[in-house]
Every structure is written in structure tokens, then in C-alpha cells.
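# Reading the structure
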Amino acid sequence: MATVQDTLDLSATVVPSVLTPGDPAADAILHLLAHMAHSDGVLHEGELQFLATILPGRSAESLKSWVNDVGSEPPLLDEVAQAITDDDMRWTCLRFTARMAWKDGELQDEERTFLQNLAGTLGLPKFAVDRVLREMEPSHSRFSTARIIEVMQSVKWNAVQIASGPIASGDLAAVAPPGAQCVCRVGLDKVEVMGLYESGLSARFLEGPCFLTWSEIVSYSRSFGLGSSVRLVTEGGVAFTLVDARLTGLCLVLDLLLGGGERPKGEAPKVQLVSGE
């Protein structure tokens, strides 16, 4: 497989990323992104900007050259599947590839077919492509105050406390966009750890306090075992981690908000929305 190392300087990597060149799974996803960007023979501005976000420090010319070199070869789906060995990365792979397909403003029939073939090769369920495309659909209503409250009331998340009112924690308030109004606050042991807004969420991540807009969240996953955590991956390939296992209920919330109302199977964690003090 032609990898990013063949045409790009690895020392240019600035931000630690789940798509850091040299990692087999990352190289596999980057291989697919180059193919998707090259599929219609034109590297559109939105596609170029997406690649520049994922691979900071590269010039536009080096990115164009890499896309042309890799995209001119046949896509190696079997090698991609061998390089990606866990379900979280399989979904991340499909989501990133689908997002690249939409960066030129439309999804061609052949691009949807490619995504279906990719999902099948990765062993993902038949509904996988429809799900990831639905997650990307622009829709203000799914992140409205009423919708966020509806979702928080519909899931069962006993491990946390939910309250209305403005964010009280200075570090979380500082990372929120100016003028943004918090819809609800999430606490652990009566300590505020997260805020949900119409435009995104702020939280104390392992990587530090940060605000993520809904549109920049490409993938999210929940690990299992004693060290279970929630990981959110952004368009830049950067992962933000919530390490407290009690916050894994956030994945259920994101399933409903980003998935357009599909409720996941199985027993969910009980949320009671209360007024803040």
C-alpha cells in the first residue's frame, strides 16, 4: 500500500492524532481519504482543507502531489481491513471516508457504492453507511435546546447529575464560544464536568478543558473494561478522552443527537433533568 510516508515528511506532524502517519490503521485511513479526494479527478478546496486539517504543516502542493500519487493506484480495501483491527477504528475509518466524500458538496452514486464496499470489507453492518451519512446531515433542529433536553430526559444515566442554568466552572466557561448559552450541565459527585450547548459541548478531557462543536466531531466510541472511557475524534484526527467510566452514557446521548433519533439497543444509563441552583 502506498503510505503517507512515501510522499510526505513525517517530521511535519505537529498535533498528536489518531491519524498520525506511520501507524498502520492511520495509514490505511489516509490511503482511503486520498482515494476519495481523487475519485472525480479534481481536488476540491473543501477536500484540500480537510486534508490540511488532518495533516498540519504540509503545503498545498505536497498534499496535491500525495493525493495524485496515492489516488492513481487501485484502492487496497483488503489491506485496509487487515490494518484496522478493532470496531472503534472500523467505524472511525468509515466516518472519515464518508466525510471526505461530502467535502465537495455532494455524494456521487459511485462514492456511495465505494462506501458500501468499504463497510462490507470492514465487516460493518448493512446500515453502517446510512448511519454515518445521517450523522453528517446539517440540521439545526437536532441540536436545538428542546431536542437536547428531550434526549437527556429520554436516556437513563443514573451515574451523573444533570442541571439547567449557565456553566459555573471557570475553565469550562472559558472554552465556550462567546455568548453561547448552556442547555444543560453534567456533574459527577456534584462537580460540574461537562456542558451541552446548541453548538457543541464543553468538557474536562484528559487532554484539558475544550469546547467541541457538533459538526467537528467525526467519531465517538466507548471502550470497555476497568479503564473504560469515552473518546471523541475530531475532523483533525485529534482524540479527546473522558476517562471516568461513569461518563460512558454520553455515547447514548450522541447516538440520539447525531443519529437522528435512533435509539441504541440494550439497557441505557436514567437522567433526571433538574434546575440548577
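Now for a description of the structure that goes with this document. (Residues numbered from 1 in each chain as written. Predicted model: local features only at pLDDT ≥ 70, side-chain atom pairs only at ≥ 80, totals over all residues. Heavy atoms only, no water.)

## Focus on the environment of glycine 71
To be explicit about the condition: The secondary structure listing takes helices from DSSP runs of H or I that are at least 4 residues long and strands from runs of E that are at least 2 residues long, numbered from the N terminus. The contact definition used throughout considers only heavy atoms, calling two residues in contact when any of these lie within 4.5 Å.
Here glycine 71 is to be found in helix 3 (residues 60–71). If near-sequence neighbours (up to four positions away) are discounted, glycine 71 is found in contact with Ala34, His35, His38 and Trp66.

## Observations regarding the sheet that holds strand 8 (residues 239–242)
Strand pairs in the sheet, formed through backbone hydrogen bonds, run parallel or antiparallel to each other. Which entries qualify depends on this criterion: Pairing between strands is defined by DSSP: at least two bridges between them are needed. To obtain each axis, a line is fitted to C-alpha atoms, and for helices this fit is confined to the stretch in contact; angles are then taken between N-to-C directions over 0 to 180 degrees.
An order of 6-7-8 is seen for the three strands of this open sheet, with the pairing classed as antiparallel. At either margin of the open sheet sits one strand with a lone partner, and together these are strand 6 (217–222) and strand 8. Across the sheet, the axes of successive neighbouring strands diverge by a mean angle of 20°, strand direction being ignored. Direction of pairing for strand 6 relative to strand 7 (residues 230–234): antiparallel, over a ladder of five bridges. Counterpart to serine 221 in the pairing with strand 7 is arginine 231. Against the sheet, helix 5 (residues 87–102) touches strand 6 and strand 7, its axis set at about 170° to strand 6.

## Considering the pattern of salt bridges
The test is simple: When a carboxyl oxygen of Asp or Glu is within 4 Å of a side-chain nitrogen of Lys or Arg, the pair counts as a salt bridge. When accessible area is computed with a 1.4 Å probe and restricted to protein chains, residues below 20% of their type maximum are described as buried, those above 50% as exposed, and intermediate ones as partly exposed.
In total, this model carries 13 salt bridges according to the counting rule given. Residue arginine 131 pairs with aspartate 255 through a salt bridge whose shortest N-O separation is 3.1 Å. Of the two residues, arginine 131 is situated in helix 7 (residues 128–136) and aspartate 255 in helix 10 (residues 250–258); the sequence distance between them amounts to 124 residues. Comparing arginine 131 with aspartate 255 shows no difference in burial state: the two are buried.

## Here we look at the packing of aromatic side chains
Cut-off, in case you're wondering: To pair, rings of Phe, Tyr and Trp, with the six-membered ring standing in for Trp, must have centres within 6.5 Å; the planes then decide the type, stacked if under 30 degrees apart, edge-to-face if over 60, and tilted in the middle. Definition used: whenever NZ (Lys) or CZ (Arg) falls within 6 Å of the ring centre and also within 35 degrees of the ring normal, the charge is taken to sit over that ring.
Enumeration over the complete set of coordinates arrives at four aromatic pairs. Its end group placed over the ring of tyrosine 220, arginine 95 keeps NZ or CZ at 5.0 Å from the ring centre. Here arginine 131 stacks its cationic end above the ring of tryptophan 91, 4.9 Å away from the centre of that ring.

## Things to note about helix 10
One turn of an α-helix holds 3.6 residues; hence residues three or four places apart share an orientation. Extensive coverage of helix 10 is indicated by the burial of nine of its nine residues. Within helix 10 the residues assigned to the buried category are Leu250, Cys251, Leu252, Val253, Leu254, Asp255, Leu256, Leu257 and Leu258. Buried residues along helix 10 sit in contact with helix 7, helix 8 (145–154), strand 3 (191–197), strand 6, strand 7 and strand 8.

## A few points about the environment of arginine 147
Note the threshold: As used in this structure description, the phrase polar contact means that two N or O atoms lie within 3.5 Å; if the pair is within protein, one of them must be able to donate a hydrogen and the other to accept it, and residues adjacent in sequence are counted only when both atoms belong to side chains.
Along the chain, arginine 147 turns up in helix 8. Separated by 3.4 Å, the side chain of arginine 147 and the backbone oxygen of leucine 256 make a polar contact.

## Quick look at the nonpolar core
Formally: What makes a nonpolar core is a set of buried Ala, Val, Leu, Ile, Met, Phe, Trp, Tyr and Cys residues whose side-chain atoms join them at distances within 4.5 Å.
Counting 45 residues, the largest nonpolar core has Trp66, Leu94 and Phe96 as its most contacted members. Sort the elements by how many residues they give to this core and helix 1 (residues 24–38) lands first, with nine residues. Val186, Val193, Cys210 and Leu252 belong to the second-largest nonpolar core, a separate cluster that totals 37 residues.

## A closer look at helix 7
Summarising burial for helix 7: seven of the nine residues are buried, a large majority. Taken as a whole, helix 7 has its buried residues at Ala128, Val129, Arg131, Val132, Leu133, Glu135 and Met136.

## Re unusual backbone geometry
Phi at aspartate 189 takes a positive value of approximately 50°, unusual for a residue other than glycine. Assignment of secondary structure puts aspartate 189 in the loop between strand 2 (182–188) and strand 3. Although it is not a glycine, lysine 190 adopts a positive phi angle of roughly 65°. With respect to the helices, strands and loops of the structure, lysine 190 is situated in the loop between strand 2 and strand 3.

No statement about biological role is implied by the geometric values presented.
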